[in-house]
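# Geometric and topological summary
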Amino acid sequence: MADDVRWLDSDELQGWMALAALLFKLPGALDYQLQRDSGLNHFEYTVLAALSESPDRSRRMSDLAGEAKGSLSRLSHVVKRLERRGFVRRRPFEEDGRITVATLTDEGYAYLVEAAPGHVEAVRQYVIDALTPEQLGQLKAISDQILAKVDADRPC
């Protein structure tokens, strides 16, 4: 069985280890900045941002889960917390009561607007400013290619 394994060579291992380190460190750095400055975690911020960019600042929960790259279960817990803070409101979809719609409140939008500059600065510091414009294009292409393997349903 071990003979069937396509082991990583030295270059492949180094590339993988660099990516694995990034996958561990970057989310923590972004979460830390958001928690420190806004009391939000990165997933909560992503949910608020996705709602802010939606028509009427509303979206079906199932669509929002996809946009935020999280499960419907995780999204439900997060939206419940955001609802308690007055940032989001949930209601049944008018055309089908089995579907739930989340709406960003004015208070939630104002909170997001206040949190956004610090988050954008962290993204710029950790990612954008660390790369040349050419590398940024390569990063997008590489990320899209990997995501197409990981999440075949995701349109690139």
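Structure's up top.
Figured I'd write up the structure that's included with this text. (Residues numbered from 1 in each chain as written. Predicted model: local features only at pLDDT ≥ 70, side-chain atom pairs only at ≥ 80, totals over all residues. Heavy atoms only, no water.)

### Side note on the overall build of the protein
- Across its full length, the protein carries 6 helices and 3 strands.
- Seen in sequence order, the protein has helices and strands lined up from the N terminus as α-α-β-α-α-β-β-α-α.
- The buried share among the 156 residues of the protein stands at 25%.
- Within the protein, counting contacts between residues at least 6 apart in sequence, those at least 24 apart form 52% of the total.
- Looking at the protein as shown, the accessible area adds up to about 10,800 Å², and 55% of this sits on carbon and sulfur atoms.
- Taking the 20 positively charged and 25 negatively charged side chains of the protein as two groups, their mean positions are separated by 6 Å. (Helix = DSSP H or I, 4+ residues; strand = E, 2+ residues; numbered from the N terminus. Buried < 20%, exposed > 50% of the residue type's maximum accessible area, 1.4 Å probe, protein only. Contact = heavy atoms within 4.5 Å. Areas by Shrake-Rupley, 256 points an atom, 1.4 Å probe, with all protein chains shown as cover. Lys, Arg positive; Asp, Glu negative; His and termini not counted. Charge placed at Lys NZ, Arg CZ, Asp CG, Glu CD.)

### Let's talk about the layout of surface pockets
- The space that makes up the largest pocket amounts to roughly 1,600 Å³.
- Forming the boundary of the largest pocket are 38 residues, of which Leu-23, Leu-26, His-42, Ser-143 and Leu-147 lie nearest the centre.
- The set of elements that each furnish at least two residues to the lining of the largest pocket consists of helix H1 (10-38), helix H2 (42-52), helix H3 (61-68), helix H5 (106-126) and helix H6 (133-150).
- Its residues assigned to classes, the lining of the largest pocket comprises 21 nonpolar, 8 polar and 9 charged. (1 Å grid on protein atoms, 1.4 Å probe; cavity = no way out; pocket = protein on both sides within 12 Å on 5 of 7 lines; lining within 4 Å. Points joined across faces, edges and corners; volume = space filled by probe spheres on them. Nonpolar A, V, L, I, M, F, W, Y, C, P; charged D, E, K, R; others polar.)

### Let's talk about the nonpolar core
- Formed by 23 residues in total, the largest nonpolar core has its most connected members in Val-47, Leu-48, Leu-75, Leu-82 and Val-88.
- Those elements that place two or more of their residues in this core are H2, H3, helix H4 (72-84), strand S3 (96-104) and H5.
- Residue contributions to this core peak at 7 residues, all from H2.
- Those residues in contact with Leu-48, other than ones at most four positions away along the chain, are Leu-40, Leu-82, Phe-87, Val-88, Leu-104 and Leu-112. (Core = buried A, V, L, I, M, F, W, Y, C linked by side-chain atoms within 4.5 Å.)

### As for the side chain of Asn-41
- Here Asn-41 is to be found in the loop between H1 and H2.
- For Asn-41, a relative accessible area of 18% puts it in the buried group.
- A distance of 3.0 Å separates a polar side-chain atom of Asn-41 from the backbone nitrogen of Phe-43.
- A polar atom in the side chain of Asn-41 sits 2.7 Å from the backbone nitrogen of Glu-44. (Polar contact = N/O pair within 3.5 Å; in protein donor to acceptor, adjacent residues only side chain to side chain.)

### Quick notes on the pattern of salt bridges
- The full count for this structure, using the stated rule, is 8 salt bridges.
- Note that Glu-94 is salt-bridged to Arg-91, the shortest N-O span being 2.8 Å.
- Classification of Glu-94 by relative accessible area gives exposed; the value is 62%. (Salt bridge = Lys/Arg side-chain N within 4 Å of Asp/Glu carboxyl O.)

### Points about the sheet that holds strand S2 (residues 88-93)
- Taken in spatial order, the 3 strands make up an open sheet running S1-S3-S2, and their pairing is antiparallel. Here the strands that pair on one side only, and so sit at the sheet edges, are strand S1 (58-60) and S2. For this sheet, the mean angle separating the axes of adjacent strands, direction not counted, is 30°.
- The sheet contact formed by S1 and S3 spans 3 bridges and is antiparallel. When the bridges of S3 are listed, Arg-60 appears paired with Val-101.
- Sheet strands touched by H3: S1, S2 and S3. Its angle to S1, the strand with the most contacts, is close to 95°. (Pairing = 2+ DSSP bridges. Axes fitted to C-alpha atoms, helices over the stretch in contact; angles between N-to-C directions.)

### Description of the packing of H2 against H4
- Their axes nearest at 10 Å, the elements H2 and H4 cross at an angle of 80°. On the basis of their axis angle, the class for H2 and H4 is roughly perpendicular. Of the residues in H4, those in contact with Phe-43, Glu-44, Val-47 and Leu-48 of H2 are Arg-74, Leu-75, Val-78, Val-79, Arg-81 and Leu-82.
- Residue composition of the contact of H2 with H4, grouped by class: 7 nonpolar, no polar and 3 charged. (Parallel < 35°, antiparallel > 145°, perpendicular 65-115°, else oblique.)

Honestly, it's all geometry; don't read function into it.
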